[in-house]
Amino acid sequence: MTTVSVVTTFYNASSTIRGTIESIIKSDFDDFEIILVDDGSTDTSTEIISEINDSRIKLYKPGRVGRSIALNIGIDKAVGKYIAILDADDLCLRSRLSIQVSMLDSHPEYSLVYSNAELIDFNGDLIGFTSFPECHDEIVKCLFDLNPFPHSSVMYRRECALKIGGYNTRCEKSIDYNFYLELLSEEVFFKGVNDPLIQLRNHENSWGKNDTKALQIRFGILGLINFYQKQHDLQGILELDDQNWKSTKLIFDFWFGKMRFQQQIQAKHLFAGAKNNLRHFDFIKATKKLFDLIGLDPWFWRYRGCNFIYLRDVKYFIDFLDNKLKNTEKL
């Protein structure tokens, strides 16, 4: 059996895919396969892949199916004992696979291991580091604060992913985050590596930053509601049948707007952008962003993230949903 299946899904990744694949090939651990799932690319990504001569590369082209289905195809096609994720614009550091394989081999109680990351810009220049904790309890707190570790840094047991049915195809974003929550529902343990084992590309067009509808936060909160409900022997919101999901999602979207989470996270993004502009002495753009964020939320500095608090707000939504459904029944 192959030890590790590295799964990379991609869409129009011609500018980065070669570097991503070559970073895996340069690993100090060689018992792996590379599962590449093309999510309907229209550029030269697949032609670039065909130029790399390595028998461990396996390319699948199911068409434009979406990221969660593409990830599930990768898991289904994999033969490795462990699944390692690496996004198509990130890089694997040389010792990443060997360190994580050793951890999973020597600690059967761990279902998933992750690591910190070096943050790089589009040109590959180092711009910072992540600082996620190593122990399970502390990372669970991070997850409840909507602060997940990088998906590109994870390696997990394939059997655990199959047990929960892989990635939730109902999630438009926060797909990896909801995958972690589903694993936690099975009372598994996570373990982190303090040192960076990947390089994570962080730029203005990154998927999480180019999120004008705040889908990342929306589906993150939906995942936490789903997790809470399952922990209390209720049907999870993400597990409703299609008809009930559509009606409940409308109520959730109304509540989400009422809570102003989108405005609050946009204000934080504007503040981060303004700081970046100031570092580059672009005072005009910085001033505009600061003016815009004051219009969105002048109190942005008083809270973390989007001002979501797990137990308080999940319980508030469940009560809000119950009241809406009761009023609907009366009508």
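The notes below deal with the structure included here. Computed from a predicted structure; not experimentally measured.

### Looking at the nonpolar core
Now for step 1: Residues Leu 112, Phe 149, Tyr 156, Phe 190, Ile 221, Leu 224 and Phe 308 are the most contacted members of the largest nonpolar core, which totals 64 residues.
Now for step 2: Here this core takes nine residues from helix H8 (residues 215-231), the largest share from any one element.
Now for step 3: Formed by 33 residues, the second largest nonpolar core is a distinct cluster that contains Ile 49, Leu 97, Met 103 and Leu 197.

### Regarding unusual backbone geometry
Now for step 1: One non-glycine residue, Glu 187, lies in the positive phi region at around 60 degrees.
Now for step 2: Locating Glu 187 in the fold gives a position in the loop between helix H7 (175-185) and strand E9 (189-201).
Now for step 3: A residue is classified by how much of its surface remains accessible, and Glu 187, at 67% relative accessible area, is exposed.
Now for step 4: Phi angles above zero are rare outside glycine, and Asp 233 is one such case at about 60 degrees.
Now for step 5: Mapped onto the elements, Asp 233 comes out in the loop between H8 and helix H9 (242-259).

### Observations concerning the packing of H7 against H8
The packing of two helices is summarised by the inter-axis angle and the distance between the axes.
Now for step 1: With their axes 9 Å apart at the nearest point, H7 and H8 run at an angle of 10 degrees to one another. With respect to each other, H7 and H8 are oriented roughly parallel. Of the residues in H8, those in contact with Tyr 177, Asn 178, Leu 181, Glu 182, Leu 184 and Ser 185 of H7 are Phe 219, Gly 220, Gly 223, Leu 224, Asn 226, Phe 227, Lys 230 and Gln 231.

### A look at the environment of Thr 248
Now for step 1: Turning to its location among the elements, Thr 248 is positioned in helix H9.
Now for step 2: Assessed through its relative accessible area of 8%, Thr 248 is described here as buried.
Now for step 3: A C-alpha to C-alpha distance of 9.8 Å links Thr 248 and Leu 238, two positions 10 residues apart in sequence.
Now for step 4: Among residues more than four places away in sequence, those in contact with Thr 248 are Ile 237, Leu 240 and Leu 321.

### A look at the packing of aromatic side chains
Now for step 1: In total, this model carries 19 aromatic pairs according to the counting rule given.
Now for step 2: Consider the rings of Tyr 316 and Phe 320, whose centres lie 6.5 Å apart with planes at 70 degrees: the pair is edge-to-face. Note that Tyr 316 and Phe 320 are positioned in helix H12 (residues 310-330) at a spacing of four residues, about one turn of the helix.
Now for step 3: Among the residues examined, Tyr 316 registers a relative accessible area of 33% and is labelled partly exposed.
Now for step 4: Note on Phe 320: relative accessible area 13%, which makes it buried.
Now for step 5: In this structure, Arg 64 is placed above the aromatic ring of Tyr 11, and the distance from its NZ or CZ to the ring centre is 3.7 Å.

### As for the side chain of Arg 96
Now for step 1: Structurally, Arg 96 is set in helix H4 (residues 96-106).
Now for step 2: Looking at Arg 96, its side chain comes within polar contact range of the main-chain oxygen of Ser 152, at 3.0 Å.
Now for step 3: Those residues in contact with Arg 96 that lie beyond four places of it in its chain are Ala 84, Ile 85, Leu 86, Ser 152, Ser 153, Val 154, Met 155, Leu 197 and Ile 198.

### As for the packing of helix H5 (residues 136-144) against H7
Now for step 1: Viewed as axis vectors pointing N to C, H5 and H7 meet at an angle of 130 degrees, and their least axial separation amounts to 11 Å. Viewed along their axes, H5 and H7 adopt a mutual orientation that is oblique. Where H5 crosses over H7, the handedness of that crossing is left-handed. Taking contact as the criterion, the partners of His 136, Val 140, Leu 143 and Phe 144 in H5 are, on H7, Tyr 177, Tyr 180 and Leu 184.
Now for step 2: The residue inventory of the contact of H5 with H7, partitioned by class, reads six nonpolar, one polar and no charged.

About the cut-offs
- Residues numbered from 1 in each chain as written.
- Predicted model: local features only at pLDDT ≥ 70, side-chain atom pairs only at ≥ 80, totals over all residues.
- Heavy atoms only, no water.
- Core = buried A, V, L, I, M, F, W, Y, C linked by side-chain atoms within 4.5 Å.
- Buried < 20%, exposed > 50% of the residue type's maximum accessible area, 1.4 Å probe, protein only.
- Helix = DSSP H or I, 4+ residues; strand = E, 2+ residues; numbered from the N terminus.
- Axes fitted to C-alpha atoms, helices over the stretch in contact; angles between N-to-C directions.
- Parallel < 35°, antiparallel > 145°, perpendicular 65-115°, else oblique.
- Contact = heavy atoms within 4.5 Å.
- Phe/Tyr/Trp six-rings, centres within 6.5 Å; stacked < 30°, edge-to-face > 60°.
- Lys NZ or Arg CZ within 6 Å of the ring centre and 35° of its normal.
- Polar contact = N/O pair within 3.5 Å; in protein donor to acceptor, adjacent residues only side chain to side chain.
- Left-handed = near helix turned anticlockwise from the far one by under 90°.
- Nonpolar A, V, L, I, M, F, W, Y, C, P; charged D, E, K, R; others polar.

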